[in-house]
Amino acid sequence: MTFAYQSAATNTFVPEIWDADLLTQFDPLLVWASPVVSNNKYEGEIRKRGDVVHINSLLRPSIGDYKLPDGMTAQRPETVDQKLPITEAKYLQVLTEDAERVQVAGGLSSPINQQMIRALAREADTFMGGVIAKGATALPNVKPTAANIPQSLYSTILDMMLALDDNDIPAGRYVVVSPRVKRYLVEHPAVANAAAYGEGGVTANGVVARLAGFTILSTTAMPTGVDIVAGHKEFATYASQFSGFREGQSEKYRADYIDTLHLYGGKIVRYPELDTKKADSTFDESKPTKGIVKAAVEWPAAA
């Protein structure tokens, strides 16, 4: 497609390819909404704010003893419905005096578009962090002394591992920590030498290291009152859809606009073996999930 403002030398500019590029550049900026911490298997077809994605859970059938002459008694499958509402609709619109000049100068790698992507990512990640922290099971506060901060934080992560083990949470777990926790945690030999104990760190999605069955991540988008969160991505789901970029002439200014709309929602996913089923075939979502745990740190004055 060629636009009126384009010249023959730049007729390869195609705005429709921005969606894929945006997702490519957007995803590495996420932590809470990343595939490491949240799954996106229930996205479905999201068209507008207010859409609802339905998640059906199948209750585990009971096992019977086979005896003669009683035979067998058949059971009907029973499901529990969960609803993932698309509650957020965030947009960004920027004005440029020359839309073509901005595109030719680097497309999504231009400073303006990079800032748009970062702003959208931060908003979505903060939202998803709040969802996860609100639904997590609270463990006792961590109370280190000035002399044992690294060991105390590391022991807390091992306590979280035990809490998840007790509920048979599968492998592939994560730990998200605040920058302040990371600052002291990396002093512990098991984290500082993660390559010897597990796997060395990388930077994608805020990953610090992989150790003891956990992928350790850090973000500045920590929910208020929470310093450490551990869990498994199957217990939180994030559904996201970009409606695409638009461009056109501003009605108010002598300038062109570029904008995009981001629709998304998130929720804690419940499981029949871990959560309470109510009489109306839904889960009691007032109780925290057993698949995610959280803790706050009471920092010593000297830290």
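Before any of the text, the structure's been laid out above.
Conventions used here
Each chain has its residues counted from 1, following the order in which its sequence is written. In view of the model being predicted, local features appear only for residues whose pLDDT reaches at least 70, and side-chain atom pairs are presented and counted only at 80 or more, with totals across whole chains, interfaces and linings using the full set of residues. The basis for every side-chain value is the complete set of heavy atoms in the structure, and neither hydrogens nor water enter the calculation. The numbering of helices and of strands both runs from the N terminus, where a helix is a DSSP run of H or I of at least 4 residues and a strand a run of E of at least 2. A helix is expected to reach a length of 1.5 Å times the quantity of its residues less one. The classification of residues rests on relative accessible area computed with a 1.4 Å probe and restricted to protein chains. Under 20% of the type maximum is buried, over 50% is exposed, and intermediate values are partly exposed. Definition of nonpolar core: a set of buried residues of the types Ala, Val, Leu, Ile, Met, Phe, Trp, Tyr and Cys, connected through side-chain atoms within 4.5 Å. Only heavy atoms matter for contacts: two residues are in contact if any of them lie within 4.5 Å across the pair. We treat two strands as partners when DSSP finds at least two bridges between them. Fitted lines through C-alpha atoms give the axes, limited to the stretch in contact for helices. The angle between two N-to-C directions lies from 0 to 180 degrees. Residues are called lining when one of their atoms sits within 4 Å of a cavity or pocket point, these points coming from a 1 Å grid over the protein atoms alone, where a cavity is a set in which a 1.4 Å probe fits but cannot get out and a pocket is an open set with protein on both sides within 12 Å along at least five of seven lines. Grid points are joined across faces, edges and corners, and a volume is the space filled by probe spheres set on the points. Surface patches are defined over residues having more than 30% relative accessible area and no salt bridge, joining like charges when they lie within 9 Å and nonpolar side chains (Val, Leu, Ile, Met, Phe, Trp, Tyr) when within 5 Å. Here the Shrake-Rupley method, with its probe set to 1.4 Å, supplies the accessible areas, and only the displayed protein chains count as covering residues. In what follows, salt bridge is the name for a side-chain nitrogen of Lys or Arg lying within 4 Å of a carboxyl oxygen of Asp or Glu. Amino acids outside the nonpolar list (Ala, Val, Leu, Ile, Met, Phe, Trp, Tyr, Cys, Pro) and the charged list (Asp, Glu, Lys, Arg) are all regarded as polar, and Gly is one of them. Contacts described as polar in this section are N or O atom pairs within 3.5 Å, which, within protein, must combine one atom able to donate a hydrogen with one able to accept it, while residues neighboring in sequence count only if both atoms come from side chains.

Asker: When you look at helix α4 (residues 149-166) in this model, what are you seeing that I'm missing?
Answerer: Counting along an α-helix, one turn takes 3.6 residues, and residues three or four places apart therefore face a common direction. In this model α4 runs 26 Å from its N-terminal to its C-terminal C-alpha over 18 residues, within 8% of the 26 Å that 1.5 Å per residue would give. Within the sequence span of α4, burial applies to I149, P150, S152, L153, Y154, T156, I157, M160, A163 and L164. Once α4 ends, the next one or two residues include D168, with phi positive near 55 degrees.

Asker: For this particular structure, what's the right way to read the nonpolar core?
Answerer: By size, the foremost hydrophobic cluster in this structure holds 56 residues, and its most contacted members are F26, W32, I132, L153 and I292. It is helix α3 (residues 111-135) that provides the largest number of residues to this core, a total of eight residues. When sequence neighbours within four positions are dropped, the list of residues in contact with L153 reads V142, V181, Y184, L185, I228, V297 and W299. If you look at the next biggest cluster of nonpolar residues, it comprises seven residues, including L84, I86, A239 and L263.

Asker: Would you mind showing me how to read the sheet that holds strand β5 (residues 173-177) here?
Answerer: Within a sheet, neighbouring strands are paired by backbone hydrogen bonds and run either parallel or antiparallel to one another. A sheet is described by the order of its strands in space; here six strands give the open sequence β4-β11-β8-β5-β7-β6, paired in mixed fashion. Two strands lie at the open edges of the sheet, namely β4 (136-138) and β6 (207-211), each paired on one side alone. Neighbouring strand axes in the sheet, compared pairwise and without regard to direction, differ in orientation by 25 degrees on average. When β4 meets strand β11 (residues 289-295), the two strands line up parallel, connected through three bridges. Looking at β11, one finds that T137 is bridged to V293. On top of the sheet, α4 reaches β5, β6, β7 (214-218), β8 (228-232) and β11; it is set at about 165 degrees to β11, its chief contact.

Asker: What am I meant to see in unusual backbone geometry here?
Answerer: Apart from glycine, the bulk of residues carry a negative phi angle, and the bulk of peptide bonds sit in the trans form. In this chain, L68 is followed by P69 through a cis amide linkage whose omega measures 5 degrees. As for its position among the elements, P69 is in the loop between β1 (52-58) and β2 (79-85). Here S281, not a glycine, exhibits a phi torsion of approximately 60 degrees, which is positive. Its place among the elements puts S281 in the loop between β10 (256-268) and β11. The exposure class of S281 is partly exposed, given its relative accessible area of 26%.

Asker: Would you take a moment to explain the pairing of β8 for this structure?
Answerer: On a regular strand, one side chain projects to one face of the sheet and the next to the other, so that they alternate. Counting buried positions along β8 gives five out of five residues, so the element sits mostly inside the fold. Burial of β8 is two-sided: the residues I228, A230 and H232 facing one way and the residues V229 and G231 facing the other way are all buried. Sheet topology places β5 next to β8; five bridges connect them, and they run antiparallel. Paired with V176 across the two strands is V229, which belongs to β8. Across four bridges, β8 lies against β11 in antiparallel orientation. Bridging across to β11, I228 finds its partner in A295.

Asker: Teacher, can you tell me more about the layout of surface pockets here?
Answerer: In this approach, a probe sized like a water molecule rolls over the atoms, and the result shows the empty space that is left. Roughly 210 Å³ of internal volume is contained in the second largest pocket. Contributing to the lining of the second largest pocket are V131, K134, G135, G266, K267, I268, R270, E285, S286, K287 and P288. For the lining of the second largest pocket, the secondary structure elements donating two or more residues are α3 and β10.

Asker: Even after reading the chapter, I still don't get a nonpolar patch on the surface, so can you show me in this structure?
Answerer: A contiguous nonpolar surface patch, about 450 Å² in accessible area, is contributed by Y66, L68 and M72. Within the secondary structure layout, Y66 lies in the loop between β1 and β2. Relative accessible area serves as the criterion here: at 54%, Y66 is assigned to the exposed category.

Asker: Where do I start with empty space enclosed by the protein in this structure?
Answerer: All chains considered together, the criterion is met by two cavities of 30 Å³ or more. Size it by volume and the second largest cavity reaches roughly 40 Å³. Lining the second largest cavity are Y154, I157, L211, A212, F214 and I216. Put simply, the parts of the chain that give the lining of the second largest cavity at least two residues each are α4 and β7. Split by residue class, the lining of the second largest cavity holds six nonpolar, no polar and no charged.

Asker: What exactly am I supposed to notice about the side chain of H262 here?
Answerer: Its location among the elements puts H262 in strand β10. Within polar-contact distance, the side chain of H262 engages the side chain of S240 at 2.7 Å. Setting aside anything within four residues of it in sequence, one finds H262 in contact with F26, E88, A89, K90, L120, A124, Y238, S240, Q241 and F242.

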